[in-house]
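Each chain is listed here by its residues.
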Amino acid sequence: MRPLGIPTVIDRVAQQVVATELESLVEKGFSPNSFGYRPNKSAHDAIAQCRKHCFRYSWVIDLDIKGFYDNINHELLLKAVSHHTKEKYILLYVERWLKASVQKVDGSLHHPKGKGTPQGGVISPVLANIFMDIAFDKRFERHYPKLTFERYADDIVIHCYQQKQAHKVLNDIRKRLSQCKLELHPDKTRVVYCRRNQKKRPQGKVAYQSFDFLGHTFKPRIVRKGGKLFLGFTPSMSQKSISRINEELFRLNLHKRTQSSIEEIAGLVNSKIMGWIRYYGKFRLSGMCMLYSAFHRRLAKWLRNKYRRYHRKPWVASRKYLRRLSKYYPMLFEHWKHPSLRP
């Protein structure tokens, strides 16, 4: 859980004006490897580029900045903004928004002590991109022109050719972020081996062979291309995302809605299911089978609670009914349109 700083209506309008003005000034100078909160760029673009580079490079540095939005230094951030614009009203209002107090639920006020930008404000993503562009993007491209990376806000993945090179780059980045008053998370930052080519594998056991990026897990998988099978390093829906969505489905208490018909159940969840498929199913639809298997178990439990004849029978009877239902009414639930996701 992360605290959000929601601006008032007047501040929100003012922040949108300043954010639009800043975007028009800084957007052209941003790195093409930066994808977060930018026009005509999305998380899917970052994942697709990361997948392509995992076939080219053997090692990945999975960076995790500890409390990024809570630890951005105000002085350095204002210096970065002034590097792009000299407009006094922009610098004045950005400084005021950074120093503004946040009212908590109990009515008490939280005063920022020279660091942090509240998540939830319109201006925060633009300020974060400006800060990271100077603190990381430009410096990395200048010092390591043969390497590449993907950055989505504070989520960063760096690609390297060799293990020694990866550790050297990681130490250099740690020092650079320390100069910018930021710290890498000691447990979540790791060097990962992209095990796609067995001939180049290092001696001994590698500690990490998978990493998470934007809700997807990259790890070795069998990939079919041109009718041939080979080992790839590809993304699929992460276990953390599956657990989070399962918790959301649990809170809906579908199995207790015995007064509702199955059409009403479908109307309740179809918009959510469509969003999950569009985001997590773009690269590997089969990676969502575990999620919808849990959803079908909840539907089977709803069926047993609603109809007495299924309550008296084994669980397999309700699962067979759902299987027949998905066959004759494949448009009832959004994921039933895909045969691989049916019960």
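The coordinates are above.
Sequence positions are assigned chain by chain, starting from 1 and proceeding in written order. This being a predicted model, a pLDDT of at least 70 is required before a residue's local features are given, and a value of 80 or more before pairs of side-chain atoms are given or counted; all residues contribute to the totals for chains, interfaces and linings. For side-chain calculations, the full set of non-hydrogen atoms in the structure is used, while hydrogens and water are omitted.

Draft legend 1. Focus on the pattern of salt bridges. Each reported salt bridge corresponds to a side-chain nitrogen of Lys or Arg within 4 Å of a carboxyl oxygen of Asp or Glu. This model, assessed by the stated rule, comprises 7 salt bridges. The salt bridge involving glutamate 95 is made with lysine 99; its shortest N-O contact spans 2.8 Å. Taken together, the residues span about one helical turn, with glutamate 95 and lysine 99 both in helix α5 (residues 88–99) at a distance of 4 residues. The rule is simple: take the accessible area with a 1.4 Å probe, protein chains only, and divide by the maximum for that residue type; under 20% is buried, over 50% is exposed, in between is partly exposed. Glutamate 95 sits in the partly exposed class, given a relative accessible area of 30%. Measuring nitrogen to oxygen at the nearest pair gives 2.9 Å for the salt bridge that ties arginine 151 to aspartate 137. Separated by 14 residues along the polypeptide, arginine 151 in strand β4 (residues 148–152) and aspartate 137 in helix α6 (residues 124–143) bring together distant segments of the chain. Given the relative accessible area of 0%, aspartate 137 is considered buried. Elements are defined by DSSP. Helices are runs of H or I of four residues or more, strands are runs of E of two residues or more, and each kind is numbered from the N terminus.

Draft legend 2. A look at helix α12 (residues 315–328). One less than the number of residues in a helix, times 1.5 Å, gives the span that helix is expected to have. In a regular helix each residue adds 1.5 Å, so 14 residues correspond to 20 Å; α12 covers 21 Å between its end C-alpha atoms and thus fits that length. Among the residues of α12, those classed as buried are Ala317, Ser318, Leu322, Leu325 and Ser326. Two residues qualify as a contact provided that any one of their heavy atoms is within 4.5 Å of a heavy atom in the partner residue. Those residues of α12 that are buried are in contact with α9 (262–280), α10 (289–306) and α11 (308–311).

Draft legend 3. Spotlight on the packing of aromatic side chains. Only rings of Phe, Tyr and Trp enter the pairing, Trp through its six-membered ring, and a pair is recorded when the two centres are within 6.5 Å. The plane angle decides the type: under 30 degrees is stacked, over 60 is edge-to-face, the rest tilted. In the structure shown here, the tally under the stated rule is 18 aromatic pairs. Between phenylalanine 140 and tyrosine 144 the ring centres are 5.3 Å apart and the planes differ by 40°, which places this aromatic pair in the tilted class. An identical accessibility class is assigned to phenylalanine 140 and tyrosine 144; each is buried. Here the aromatic rings of phenylalanine 295 and phenylalanine 333 are separated by 5.6 Å at their centres, their planes lie at 75°, and the arrangement is edge-to-face. Here phenylalanine 295, found in helix α10, pairs with phenylalanine 333, found in the segment after α12; they are 38 residues apart in sequence, far enough to count as distant. Of the two residues, phenylalanine 295 and phenylalanine 333, neither departs from the other in class, the shared state being buried. Whether a charge sits over a ring comes down to the Lys NZ or Arg CZ being within 6 Å of the ring centre and within 35 degrees of the ring normal. One residue, arginine 190, lies across the ring of tyrosine 208, its end atom 4.3 Å from the ring centre. For the cation-ring pair, arginine 309 lies above tyrosine 307, with the distance from its terminal atom to the ring centre recorded as 5.0 Å.

Draft legend 4. Expanded view of the environment of arginine 190. Here arginine 190 shows up in strand β6 (residues 190–193). Using a relative accessible area of 25% as the deciding quantity, one classes arginine 190 as partly exposed.

Draft legend 5. Representation of unusual backbone geometry. Although it is not a glycine, asparagine 40 sits at a positive phi angle of roughly 65°. Positive phi, close to 60°, is recorded for alanine 153, a residue that is not glycine. Inspection of the secondary structure assignment puts alanine 153 in the loop between β4 and β5 (155–160). Under the relative-accessibility criterion, alanine 153 is labelled buried at 6%.

Draft legend 6. Quick peek at the sheet that holds β5. Being paired, for any two strands, means DSSP has found at least two bridges between them. With respect to topology, 4 strands assemble into an open sheet ordered β4-β5-β1-β6, the strand pairing being antiparallel. Pairing within the sheet leaves two strands with one partner each, and these edge strands are β4 and β6. Averaged over all pairs of adjacent strands, the angle between their axes in this sheet comes to 20°, without regard to strand direction. An axis is simply a line fitted to the C-alpha atoms; with a helix, the fit covers only the stretch in contact. Between two such axes, the angle follows the N-to-C directions and lies from 0 to 180 degrees. Most of the contacts of helix α2 (residues 43–54) go to β4, to which it runs at about 155°, and overall it touches β1 (59–64), β4 and β5. Running over the sheet, α6 touches β1, β4 and β5 and is turned about 175° from β4.

Draft legend 7. Spatial organisation of the pairing of β5. Of all 6 residues making up β5, 5 are buried, and the element is well covered by its neighbours. Relative to β5, β1 runs antiparallel, the two being bridged by 6 bridges. Within β5, the residue paired with tryptophan 59 across the bridge is cysteine 160. In this sheet, β5 lies alongside β4 in antiparallel orientation, the contact comprising 5 bridges.

Draft legend 8. Highlighting the nonpolar core. Of all hydrophobic cores here, the largest spans 67 residues; its most connected members are Ile158 and Phe211. Take this core: its biggest share by element is 9 residues, from α6. With residues near it in sequence (within four places) discarded, isoleucine 158 still touches Trp59, Val60, Ile61, Leu63, Phe136, Phe140, Thr148, Phe149, Val169 and Ile173. If you look at the next biggest cluster of nonpolar residues, it comprises 30 residues, including Met237, Leu254, Ile265 and Leu341. Think of a nonpolar core as a cluster: buried Ala, Val, Leu, Ile, Met, Phe, Trp, Tyr and Cys residues, connected wherever their side-chain atoms sit within 4.5 Å.

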